[in-house]
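# Tertiary structure, described
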Amino acid sequence: MTWQDGWWAYVFIAIAGWLATDIWRWLGVLAGERLREDSEALNWVRAVATALVAAVIAKLVLYPSGVLEQSPLWLRLGAVVLGAVAFFLARQKPAVGIATAIATLAAGLWWLGF
Amino acid sequence: MERVKDERSALAWFLTGARGIFSLPAIILMLSFVGFCSLTAQAGIPSEQVVFMTGIVWALPAKVILVSSVLSGASLATAFLAVTLSSVRLMPMVAALVPELRTPKTPTWLLLVLSHFIAITAWVFAMERVQQVPRAHRVTFFAGFGITLVATNMVLVAIVYRLVADFPPIIAGCLFFLTPVYFLASIWNSARHRVVYLALAIGLVAGPLFYWLLPEFDILLAGVGGGTLAWFVERSWRLRREAGA
């Protein structure tokens, strides 16, 4: 792989990154003029799209890269669960859930001597 | 004179959109980009390429998948496929936002250009606030927010990339963790349809399950399989309730 050197990296990013994402944005614009907001087809597309992102979220939590690779799974899951509990107790305020999850993770990492 | 006044008010709406950079979702996104810097710095991707990626790909999950593909030594075709399959969600997001933004006079090319600035944060922000903007100025308002958000994050990435390598491990770990936690909270919070909650729950379980069964296609299978299941279950509930009512 010559990923690191020169123009090839930019071509790689342009094709596998820009083209791969903007295709869907362009199709979204064209479909947005046709797809009805209350149609069953849009409902299905919405469900598939959400499940895709949920799978990405689960992978980031279960199989993280970098520093968190060495952190225990129970800590990461515990942080998400406590964050979720705080989120619902605070009437679904994202900031509260996010702050609780991050604070739990930070405290756990500190306790484990990271 | 009439025209000058009109242009000035368009500028004012552009700036109103640009001020969205100080909103909570924009600030969380910027923190997530700091986390992304730490991911790419640890992966050894040069900072110019990370800045380029930020501007040209924009969607953060797509970039995370692009970087992961590169790290696992994937070919161009494999990386393209992985990013394409994971970015399908941009299509319904854009499709849902476009009817809110456009007027009968809005040219399609302008929407095609502006669609580049749509990723989850800009989408959540726009869906929430565009209702309070007069329809004639919605496209300008969104352009102000979208362009400012992308440009700011490109500058942020260029600066922060050089600093993150020195971050203590706890900070680096927390910054990485912001991304999944933020997506989780913001998808739940911005969901307007019951099927989204169900798809989110099923996807969280289906992702690891398919990673265990068929790691090559885990995200695609979890998305199509889990999403279809969520859609089917929600539809059955809905039909049964309608039949009962």
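Residues numbered from 1 in each chain as written. Chains lettered and ligands numbered in written order. Predicted model: local features only at pLDDT ≥ 70, side-chain atom pairs only at ≥ 80, totals over all residues.

Moving on: the overall build of chain A. For chain A, the count of helices and strands is 4 helices and 0 strands. Overall, chain A shows an N-to-C arrangement of helices and strands of α-α-α-α. Taking 2.2 N^0.38 as the reference for a compact globule, 114 residues should give roughly 13 Å; the C-alpha atoms of chain A span a radius of gyration of 20 Å, well beyond that estimate. In terms of overall dimensions, chain A has a C-alpha envelope of 50 × 50 × 20 Å along the principal axes. Counting across all 114 residues of chain A, residues that qualify as buried make up 43%. Taking as baseline every contact in chain A between residues at least 6 positions apart, the subset at least 24 positions apart corresponds to 20%. (Helix = DSSP H or I, 4+ residues; strand = E, 2+ residues; numbered from the N terminus. Rg over C-alpha atoms; globule rule 2.2 N^0.38 Å. Buried ≥ 20, exposed ≤ 12 C-beta atoms within 10 Å, placed from the backbone. Contact = placed C-beta atoms within 7 Å.)

Let us now look at the overall build of chain B. A count of helical and extended segments in chain B gives 12 helices and 0 strands. For chain B, the sequential pattern of α-helices and β-strands runs α-α-α-α-α-α-α-α-α-α-α-α. In terms of overall size, chain B behaves like a compact globule, its C-alpha atoms giving a radius of gyration of 20 Å where 245 residues would be expected to give roughly 18 Å. By the burial criterion, 49% of the 245 residues in chain B qualify as buried. Sequence-distant contacts in chain B: of pairs separated by 6 or more residues, those separated by 24 or more amount to 75%.

If you look at the interface, chain B gives 81 residues, while chain A gives 68 residues. For the side of chain B that touches chain A, the class distribution of residues is 57 nonpolar, 21 polar and 3 charged. (Nonpolar A, V, L, I, M, F, W, Y, C, P; charged D, E, K, R; others polar.)

The next point concerns helix α4 (residues 60-71) of chain B. Quick reminder: α-helices carry 3.6 residues per turn. Residues three or four places apart thus point the same way. For α4(B), spanning 12 residues, the distance from its first C-alpha to its last is 16 Å, which sits close to the expected 16 Å at 1.5 Å a residue. In terms of residue burial, α4(B) counts as a mostly covered element, since 11 of its 12 residues are buried. Where α4(B) is buried, its residues touch α1 (6-32) and α2 (40-62) of chain A together with α2 (24-43), α3 (47-56), α5 (76-86) and α10 (169-190) of chain B. Positive phi appears at B:Gly73, one or two residues downstream of α4(B), with a value of about 75 degrees. (Expected span 1.5 Å × (residues − 1).)

Attention now goes to the packing of α2(A) against helix α11 (residues 194-213) of chain B. The N-to-C vectors of α2(A) and α11(B) enclose an angle of 45 degrees; their axes lie 6 Å apart at closest approach. Here α11(B) runs oblique to α2(A), going by the angle between their axes. The handedness of the crossing between α2(A) and α11(B) is right-handed. Taken together, the residues of the contact of α2(A) with α11(B) sort by class into 18 nonpolar, 4 polar and 2 charged. (Axes fitted to C-alpha atoms, helices over the stretch in contact; angles between N-to-C directions. Parallel < 35°, antiparallel > 145°, perpendicular 65-115°, else oblique. Left-handed = near helix turned anticlockwise from the far one by under 90°.)

Let us now look at helix α6 (residues 90-101) of chain B. Between its first and last C-alpha atoms α6(B) spans 16 Å; for 12 residues at 1.5 Å apiece the expected length is 16 Å, and the two agree. Most of α6(B) sits out of view: 10 of its 12 residues are buried. Every buried residue belonging to α6(B) is among B:Leu90, B:Met91, B:Pro92, B:Met93, B:Val94, B:Ala95, B:Ala96, B:Leu97, B:Val98 and B:Leu101, and all of these are buried. Buried residues along α6(B) sit against α1 and α2 of chain A together with α7 (108-114), α8 (120-129) and α9 (138-164) of chain B.

Counting through the fold element by element, B:Leu220 comes out in helix α12 (residues 218-244). Separated by 135 residues in the primary sequence, B:Leu220 and B:Leu85 have C-alpha atoms spaced 6.2 Å apart.

The next point concerns the nonpolar core. A:Ala51, A:Leu52, A:Ile57, B:Cys37, B:Val181 and B:Ala199 are the most contacted members of the largest nonpolar core, which has 117 residues in total. Ranked by the residues each element gives to this core, the list is headed by α2(A), at 15 residues. In contact with B:Ala199, not counting residues within four places along its chain, are A:Ala47, A:Thr50, A:Ala51, A:Ala54, B:Gly226, B:Gly227 and B:Ala230. (Core = buried A, V, L, I, M, F, W, Y, C linked by C-beta atoms within 7 Å.)

Let us look at the environment of B:Arg89. Within the fold, B:Arg89 resides in the loop between α5 and α6. In this structure, the C-alpha to C-alpha distance between B:Arg89 and B:Arg102, residues 13 residues apart in sequence, is 21 Å. Setting aside chain neighbours within four positions, we find B:Arg89 in contact with A:Ala49, A:Leu52 and A:Val53.

This part covers the packing of α11(B) against α12(B). Residues and elements named next belong to chain B. α12 packs onto α11 with a crossing angle of 145 degrees between their chain directions and a minimal axis gap of 8 Å. Considering how the two elements wind past one another, α11 and α12 form a crossing that is right-handed. Considered class by class, the residues forming the contact of α11 with α12 number 14 nonpolar, 6 polar and 3 charged.

Residues and elements named next belong to chain B. Averaged over all residues, the pLDDT of chain B is 86; the fraction at 70 or higher stands at 96%. For chain B, per-element mean pLDDT is lowest for helix α1 (residues 2-18), which scores 77, and highest for α7, which scores 95. We note a pTM of 0.72 for the whole complex and an ipTM of 0.82 for its interfaces. (pLDDT = per-residue confidence, 0-100.)

For chain A, the average pLDDT comes to 88, and 93% of its residues sit at 70 or higher. Least confident of the elements in chain A is α2(A), whose mean pLDDT is 84; most confident is helix α3 (residues 73-89) of chain A, at 96.

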